[in-house]
Number of protein chains: 2
Amino acid sequence: MPSYKAPLRDMRFLLNEFTDPARLRSLPGCEELGPDLVDPILDEAATLCEEVLFPINRSGDEEGCTIENGVVRTPQGFREAWAQFRDGGWPSLACDPDYGGQGLPKSIALLFEEMICSANLSFGMYPGLSHGAYAALLKHGAQVLRDTYLPKLVSGEWMGTMCLTEPQCGTDLGLIGTRAIPADDGSHRITGSKIFISAGEHDLSENILHLVLAKLPDAPPGTRGISLFLVPKFLPTPDGKPGARNGVLCTAIEHKMGIKASATCALSFEEAKGWLVGRPHKGLSAMFTMMNEARLSVGVQGLGLAEVSYQNALAYARDRVQGRALNGAAAPDQPADPIIHHPDVRRMLLSMRAEIEGCRALAMWVAQEQDVATRHADPATRDAAEDFVALMTPIIKAYFTDMGWDATATGMQVFGGHGYIREHGMEQYVRDARIAQLYEGTNGIQALDLVGRKMGAHAGRYLRRFFHPVLAYVEAKSEDERLGEFVLPLSKAFGRLQQATAELARRGLSDPYEAGAGATDYLKLFGLTALAFVWTRMAEIALAKEGEDPTGFYRAKLATARFFMARILPRSGAHLAAVMAGGATLREIEF
Amino acid sequence: MPSYKAPLRDMRFLLNEFTDPARLRSLPGCEELGPDLVDPILDEAATLCEEVLFPINRSGDEEGCTIENGVVRTPQGFREAWAQFRDGGWPSLACDPDYGGQGLPKSIALLFEEMICSANLSFGMYPGLSHGAYAALLKHGAQVLRDTYLPKLVSGEWMGTMCLTEPQCGTDLGLIGTRAIPADDGSHRITGSKIFISAGEHDLSENILHLVLAKLPDAPPGTRGISLFLVPKFLPTPDGKPGARNGVLCTAIEHKMGIKASATCALSFEEAKGWLVGRPHKGLSAMFTMMNEARLSVGVQGLGLAEVSYQNALAYARDRVQGRALNGAAAPDQPADPIIHHPDVRRMLLSMRAEIEGCRALAMWVAQEQDVATRHADPATRDAAEDFVALMTPIIKAYFTDMGWDATATGMQVFGGHGYIREHGMEQYVRDARIAQLYEGTNGIQALDLVGRKMGAHAGRYLRRFFHPVLAYVEAKSEDERLGEFVLPLSKAFGRLQQATAELARRGLSDPYEAGAGATDYLKLFGLTALAFVWTRMAEIALAKEGEDPTGFYRAKLATARFFMARILPRSGAHLAAVMAGGATLREIEF
C-alpha cells in the first residue's frame, strides 16, 4: 500500500527562503504571516491530508461513484471526510473574511492544494470546484447573490460547480446551446444539457450551486453572446435553507480512466431557475476569472500526483533488492542490493525530483505574484504582477500536467511489473494525472493561449514580466564563479527561448497558423527555461547555506539542480528546433 | 466506439518495396512468398483481427478475467474467438512444418502480430505465450518432449506459458527459489511460487504447458544455476489426451491497470511433475532464446496499440468540429471546422504517424534479418544477421514500447476530455500499452542490455552490423541532391550516435556505472537514429515513385519523413547531452 507525507521541509524552504517573505508580509492582510502562524496551519493541513484524505484514495478509486435515479453517491468514507474537512474550516482558508473566510493568501493555499492533490485528487475536486464557484460569484455576482450564497460556500455547507461543456462544445464555447429566458421576477429559466460537470451531483452537501454558461435570447453569435447564471439545485428559503428542488437533474455519470471517486456528471437543465452573474453576454470573461485560477490549480494537480508517486517510488527503490550495484555489492549481507544503487533507477528518481521541486518553486513564485496582484496597495505593482500571472498560467497548467503524467509514469516504472498491479497504487496516480492534461482547456489550448493571447499582446508587455527579471538576474550573476555552473545553462536556454520568441513573433504576425504550429514546443521551451531560472535561484541559496547543513537539505538541492541542468534542460534544444521548423511539415500532408 | 482496419497498404509497401523481397525469397522455405501467396494471408489475417478479435476488446477490458476456486474464466467471447483462431490454423502460421506448422517467416508473422496487438492485445497474450513455449521447446526440448507436445502447441489444442517471476525476483532471476527434485523416472518434482504468469490459467484450451525456471539441488548459486522444466497442467495420457491433474494451481489473478482480459496468474507448484528442457543449470539461456523473440513481439505491442490509437484519433479529428481554422474557415457551411485543420492537432497526428511508420519499417528490417539468421544457407550470413537482431532487440523492445505509451497518450489527447471517457476506447489503449514497458525486462534493463552486453561485445561486432550499412548508405547518397534533406539530418543524428558510443565505450570500460548512467538515453538516441535511417530509405523510394502516385501514398510518406526529420529527430541532441553528462549527477545525491 502506498504512503504519503506532506513535503513540509521543501514547502517551508520555498515560503521562507525562496520567495520573498517580507514581500508577502507587506501585503494587506498578510502582515502576520510568519512561520509562527503558518507552520501550525501547514502541520494541520498535512495531518488532514495524510490521515483523513489519503486513506480513502485507493478505496475511492476501486469503488467509484454510483448513480441511481439521479442520486449520486460518493465512495465510502467521502461523506465523513468531507464533514471533517468542512468542520475544520478548510473550505474557508483562502476566502474573503467578509463572508466568513480566513483570508489566507494564495501562497499558503497553494501548498494546501498540493497536499490535497497528493493525498486524494478525486476528493479535492469537490472543494476545488466549490472554490471556483465562490471566486466567480465573489467577483461578478450582484450583492444580493453574494450575501445569499457566499457564506454557504465559504462554510462548506453548500458546494458549487462550473457548467461549461456540452456534447457539441468543449474548447469552442461559442457553440453553446443552453438557453436562458428572462422571467418576470428578474430571474431566468435555464434549459439545456451539460456534460463533464465535476461535482455536478453528489451526497456531500445539502445543496449544490451551479454556475452555468447559457445564451440569452438576444445573444450575439459565438463567444460574445454567452452569459453566466447561478442555478442552485435547491432554491434557498428566506432563512437560508435548501427549499424547493430546481429543474436540474443528473442524468448520468461518466466512466473514466481515473479520478473515479470524483462524480463527473451529465446535467439536464429544464426551465431551471437561475440568476444572471455579471453582465449579459459577458459570461465568458466572468468564467475566465475563475478559469485562470483553476488552471493554476490544475497545474498543481500534476505536481501533487508527481510528489506522491515520487515518495513511493523512492521508498520502493530503497526497499526492493534486485541485482548487484554495478560497482560491487552495496549490501553484501543481503541476497541483492536495493535498486536505488542502480544508476538508471537513480536517473528515474532524480528526473521526478528535479521536475517536482522545480515546479513547486515556480508555482510558489507565481502564487506570490498572484497575491501581489490581488492585494498590493500600488496599482502599477498590481498590474505588473497580474501580467506575470497571466503569462505563466498556461505554462503552469500545461507544463506541470505533462510533467505530472511523465513523473507518475516514471514512478510506476521504478516498481517494474509491480507498478502495473493496482494494489500498489502507483498506476492510479498515472490514471488520475491524465485528466489534468485535458480539462480546463487541453494543453494544446494552453499553448495557443500563450502564443496567441499572451506573447504578442501589448507589444510584448506580458513577456517582459518574465524576460526582464531573468535577464537582470543572469547579468547580475555573470561574474559569480560558484554559480556559473547553473547560470551558464540557464542563459543558454534563455537564449533559445529568446530566439524562439523572435521567430514565432515574426512568422506568427503574418500567419497565425505558424504561431499555432510552434505553440506546444514553445510552451515546453518556456517551461524548461522558467525551471532553469528557479533552479538557479534555489542553487544560489543552497550554495550559501551548504556549510551549515546538518540534514543535507541544501546539498541535495544542489545535486538536484545539477541533474536538472545536465539531463533535463538540454531538451530545450529539441523544442527550439521544432519551433524553428515552422508549419511547413504540418501543412504538407493530406491525411 | 473505436474502429480498426489493418494498415495493409503500408504493410505491403514494406514487404514488397522497403525490405528486399528477393532476399526473402532466396531463403529456404520462402521461395514462393510473392504477393500472390502473401496478400490473401494478410487479407484473411486482417479480417480475423478486425471482425473477431477487435469487437471483444472493449468488452474484455470492462469484464476482465475472473477466478473461482482456482478456475479462471476469460471474458465473454474469448473462448469462441480462440476457437476460431485455432480452427483457422493461425497458431501454426510461423511454426515448423515438421510439427504441423505452416513455416511462414517472421517477416510475415510480425505483420499478423501487429494486427493482433491493434485489435486485442489481451487476447494476443494467450497465443503469444504459447508461441514462446513452442519456441523454447523446439530449440531446447528433447525429441520425446518435442514429439509429445509440439504438435499440440502448433495446432492450438494446448497452450503454453513462461514461468519466470517470483515475488522476490523479477529482473534478478538469480534469486529464484523454486526447486526441482529429480525423481526416479527421469522426471522432476517442482515446488515453488510463481507470480505474474500471463495465461497461467484460463478456459481457452484443454491443457496448459508451463515452462518453469527452477533450481536443481546441486545448482550453482545465482543465474548460473537455473534450469528449465516443462510442467503440464494435465499429464498427457499415452494417446495424447489430458490425463491426471498435475500439482500446479492458480492461487490468484492480478488486478491490473490494463490488459484486463489477459489472466495474470499467481501459480503454486507443489511437487508438480516436470521434465528438464535443455541442459541442467542452463535454463536461463534456453529461456533467453524465447525471451529475445518475445522482446521483439513486445516491441510490436507498442506499435500495434499506437496504430489503432492513431486510426481513431485521425477519424475523430476529421469528424469533430470545434473552433475555426487559424487561416480562415475550412468548413464555412458547418458551425465550426473539423479539428484536423488546427496545426497543433496535426502535430499530434503526425507525431504518432511518423513514429508508427518508422517503427514498422524498422521492425520489418529486423524481422527479415531474423529470417536470414534462421534460414540462410551461408553460416557467415546467418551469424551477421543474428548479430544485427541481437543488437536491435533491446532497442525495438524499449523504443517501441515507450513510443506506444507516448503515441496512445497522444491519440487520447486528440479527443480532448472525451479521450478520458472509457466508452471511446482511447484510454484503454494507453492502459494496455503501459505493461509493455515493464515486462520481458523493463526498458531500463533493455538499455543495460544494449550498453552492457551488446555495445562492447566482440570488439564492437554487433554495433558494426548497424553502423556499417548506415555509413555506407550515407556515403553513397551524399551526392544525391533530392535526398539531401533527409540524408543531412540522418548523418547529423548518426554523428551524435557515434559520439555517444565513443564516450560510453571509453568511460564504461573503466567504470560500468558510467555505462549504466547513460544507457537509457543512449538507447533512445540509437532508436531515433535507426528511425532516421529507415525514414530516409523510405523517402528514397517515395521520391522515385512520387510521379506515378494516384493515391498520394508516396507523397504522404515524404511529408511524414520531413516531419520526422524536422520535429522528432532533434531530440537526439538532448539524449546525446544526457549521455555526455555522465554519472556524476546521479552519484552525488543522498536520497
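Residues numbered from 1 in each chain as written. Chains lettered and ligands numbered in written order. Predicted model: local features only at pLDDT ≥ 70, side-chain atom pairs only at ≥ 80, totals over all residues. Heavy atoms only, no water.

**Q** Give a detailed account of the UniProt feature "domain: Acyl-CoA dehydrogenase/oxidase N-terminal" (unreviewed entry) in chain A, specifying residues and quantitative values.
**A** Those places that UniProt annotates as "domain: Acyl-CoA dehydrogenase/oxidase N-terminal" (unreviewed entry) correspond, in this numbering, to residues 43–157 of chain A. Measuring from the first to the last C-alpha atom of residues 43–157 of chain A gives 24 Å, for a span that is 66% helix and 5% strand. (UniProt positions renumbered as here; feature names shortened; annotations may be inferred. Helix = DSSP H or I, 4+ residues; strand = E, 2+ residues; numbered from the N terminus.)

**Q** I'd like a rundown of the packing of helix α1 (residues 8–18) of chain B against helix α16 (residues 553–568) of chain B, residues and numbers included.
**A** Residues and elements named next belong to chain B. At a minimum axis separation of 12 Å, α1 and α16 run at an interaxial angle of 85°. Put simply, α1 runs roughly perpendicular to α16. Mapping the contact onto sequence places R9, D10, F13 and E17 in α1 and F553, Y554 and K557 in α16. A breakdown of the residues in the contact of α1 with α16 according to their chemical character gives 3 nonpolar, no polar and 4 charged. (Axes fitted to C-alpha atoms, helices over the stretch in contact; angles between N-to-C directions. Parallel < 35°, antiparallel > 145°, perpendicular 65-115°, else oblique. Contact = heavy atoms within 4.5 Å. Nonpolar A, V, L, I, M, F, W, Y, C, P; charged D, E, K, R; others polar.)

**Q** Give a description of the domain arrangement of chain A that names residues and reports values.
**A** Residues and elements named next belong to chain A. Each assigned domain of chain A is listed here: domain 1 (8–140), domain 2 (159–282) and domain 3 (442–591). Using only C-alpha atoms to locate each centre, domain 1 and domain 2 end up separated by 25 Å. Every contact between the two is made by 26 residues of domain 1 and, on the other side, 23 residues of domain 2. Summed over both partners, the interface of domain 1 with domain 2 buries about 2,300 Å², with 71% contributed by carbon and sulfur atoms. It is V72, Y126 and L129 in domain 1 that bury the most area against domain 2; as a group they hold 25% of the surface buried on that side. If you look at where domain 1 meets domain 2, you find 0 salt bridges. At the boundary of domain 1 and domain 2, one finds 8 residue pairs in polar contact (both at pLDDT 80 or more). If you list the elements that add at least two residues to the side of domain 1 that touches domain 2, you get α4 (57–63), β1 (66–68), β2 (71–73), α5 (78–87) and α6 (106–140). In terms of residue count, α6 provides more of the side of domain 1 that touches domain 2 than any other element does, 11 residues in total. In terms of residue class, the side of domain 1 that touches domain 2 is made up of 14 nonpolar, 8 polar and 4 charged. (Domains from an automatic or database assignment. Buried area = accessible area lost by both parts, 1.4 Å probe. Salt bridge = Lys/Arg side-chain N within 4 Å of Asp/Glu carboxyl O. Polar contact = N/O pair within 3.5 Å; in protein donor to acceptor, adjacent residues only side chain to side chain.)

**Q** Kindly report on the pairing of strand β7 (residues 227–232) of chain B, identifying the contributing residues and their values.
**A** Residues and elements named next belong to chain B. Counting buried positions over the 6 residues of β7 gives 6, a clear majority of the element. Burial along β7 is two-sided: S227, F229 and V231 and L228, L230 and P232, pointing in opposite directions, are all buried. Strand direction decides the pairing type here: strand β6 (residues 207–214) and β7, joined by 6 bridges, are antiparallel. Looking at the pairing, V212 lines up with F229 of β7. By the bridge criterion, 3 bridges tie β7 to strand β11 (residues 264–277) in an arrangement that is antiparallel. By the bridge assignment, L230 is partnered in β11 with W275. (Buried < 20%, exposed > 50% of the residue type's maximum accessible area, 1.4 Å probe, protein only. Pairing = 2+ DSSP bridges.)

**Q** Break down the interface of chain A and chain B for me, with residues and values.
**A** Contact residues are listed per partner, giving 85 residues for chain A and 86 residues for chain B. For the pairing of chain A and chain B, the buried interface totals around 7,400 Å² over both sides, and the portion due to carbon and sulfur atoms is 59%. When the buried surface of chain A facing chain B is broken down by residue, A:Y420, A:R567 and A:F591 rank first, second and third, together holding 13% of it. The interface formed by chain A and chain B holds 4 salt bridges in total. One salt bridge in this structure joins B:R567 and A:D521, with 3.0 Å as the shortest N-O distance.

**Q** For the relation of the copies chain A and chain B, give the residues involved together with the corresponding values.
**A** Aligned on chain B, chain A shows an RMSD of 0.0 Å; the corresponding rotation is 180° and the shift along the axis is 0.0 Å. Accordingly, the operation relating the two chain copies is best matched by a two-fold axis. Mapped onto chain B, 100% of the interface residues of chain A are again interface residues, and the two copies thus contact each other with one and the same surface. (Least-squares fit on C-alpha atoms with pLDDT ≥ 70 in both.)

**Q** Tell me what's going on with helix α11 (residues 426–434) of chain B, and back it up with residues and numbers.
**A** Of all 9 residues in α11(B), 9 are buried; the element is thus mostly enclosed. For α11(B), the complete set of buried residues consists of B:M426, B:E427, B:Q428, B:Y429, B:V430, B:R431, B:D432, B:A433 and B:R434. Residues of α11(B) that are buried sit in contact with α10 (379–414) and α11 (426–434) of chain A together with α4 (57–63), α6 (106–140), α8 (283–319) and α10 (379–414) of chain B.

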